[in-house]
Amino acid sequence: MPKAELHLHIEGTLEPELVFACARRNGVQLPFADVEELRRRYVFDDLQSFLDLYYLAMGVLRTERDFTELADAYLARAREQGVRHAEIFFDPQAHVSRGVPLEVVLDGLEASLSTAPERFGISTRLIACFLRDRGPREAMETWEALEPHTARLHGVGLDSAEVGHPPDAFEPVFARARQAGLHLVAHAGEEGPPDYIWQALDVLGVERVDHGIRAIEDPALLARLARDRTPLTVCPLSNVRLRCVPSLAEHRLPELVDAGLLVTINSDDPAYFGGYVDDNFQALKRELGFGDDVLRELAANSFRASFVEEDERARLL
Ligand code: ES4
Ligand code: ZN
């Protein structure tokens, strides 16, 4: 089933085998003995406990080659999962803050992504995310560094630890990205309250909400999202692994669909959460009894919610 992936952190596709390969060639010492020990750590209590390991593991990414191999490995997996188009997040601050230049990250990713259509049948876009827990000032400094590369980007987003870091503080930096002609998205309502989703919409002016699952607690917000057809990029296996929902069977995703929202299914950080995007689709079938008709509609939504221009859309379907 052809689909677009709209919520995918490239650093979250870093599989343990590549962690160790990069660590070895870059001379990075890891606090894990081997791949098996690292994989055993993939049990999380909440978003922060995941982020701690996510930022630690990505410390092995140092060279252009590392980022190229990371993206190549994702694309190979994505092709097998029916992905035709991917709008890919990356976290500039997570690399620049540890001394890896922005150019290394961008050049490394692009060396892979620029030939993805021929090699994997996948078109791609890059979305640079600001780390909300590093604050609005550093976000603006990051934007100043990104601005010369605007043509290489398709949008900006907002991610990392949500609670205590509401979207409204990032209004100035999102305004700058909008002026530069970029698309706007933000993580909101993953762990944070519905008010953060309202802020993402009304203060930041985002076109899509990443996660957004806590909208289910606010009927007026559901009505707003349905009316505007604002897409939600829901990540079911991520929500279970980070304990945002008690189990997949209890996920309220069916209610979001029934409320008329434009819901899409995505993998978030597939190396960490037990599956790539089609594994998320299969889990919905298994645990929530979704029929093939609903799954096909969710896959179709991913193209409707994508930032692909109308004339390019026909190629993808
Ligand atoms: C993330 Cl699941 C999730 N939530 C927020 N920020 C993130 N960065 C990478 N994965
Ligand atoms: Zn995410």
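See the structure shown above.
Residues numbered from 1 in each chain as written. Chains lettered and ligands numbered in written order. Predicted model: local features only at pLDDT ≥ 70, side-chain atom pairs only at ≥ 80, totals over all residues.

(A) The site of ligand 1, seen in detail. In the neighbourhood of ligand 1, the contacting residues comprise His 9, Gly 12, Leu 47, Tyr 54, Asp 159, Ser 160, His 187, Glu 190, Ser 238, Asp 268 and Asp 269. In the shell around ligand 1, the residues fall into two nonpolar, five polar and four charged. (Near = placed C-beta within 6 Å. Nonpolar A, V, L, I, M, F, W, Y, C, P; charged D, E, K, R; others polar.)

(B) Seen up close, the environment of Ala 271. Secondary-structure assignment places Ala 271 in helix α14 (residues 270-273). By C-beta crowding, Ala 271 is classed as buried, having 26 other C-beta atoms within 10 Å. For the pair Ala 271 and Arg 252, spaced 19 residues apart in the sequence, the C-alpha separation amounts to 24 Å. The residues contacting Ala 271, other than those within four sequence positions of it, are Gly 12, Thr 13, Leu 14 and Glu 15. (Helix = DSSP H or I, 4+ residues; strand = E, 2+ residues; numbered from the N terminus. Buried ≥ 20, exposed ≤ 12 C-beta atoms within 10 Å, placed from the backbone. Contact = placed C-beta atoms within 7 Å.)

(C) Broad picture of the pairing of strand β2 (residues 83-90). Most of β2 is tucked away, with eight of its eight residues classed as buried. Here six bridges tie β2 to strand β3 (residues 123-131), and the two strands are oriented parallel to one another. From the neighbouring strand, Ile 88 faces β3, where its bridge partner is Leu 126. (Pairing = 2+ DSSP bridges.)

(D) Layout of the sheet that holds β3. The eight strands are arranged β1-β2-β3-β4-β5-β6-β7-β8 in an open sheet whose pairing can be described as parallel. Of all the strands in the sheet, just β1 (3-9) and β8 (263-265) have a single pairing partner and so form its edges. For this sheet, the mean angle separating the axes of adjacent strands, direction not counted, is 25 degrees. (Axes fitted to C-alpha atoms, helices over the stretch in contact; angles between N-to-C directions.)

(E) Spotlight on the pairing of β3. In terms of residue burial, β3 counts as a mostly covered element, since seven of its nine residues are buried. Pairing of β3 with strand β4 (residues 155-159), which is carried by five bridges, proceeds in the parallel orientation. Considered in β4, the bridge of Phe 130 is made with Leu 158.

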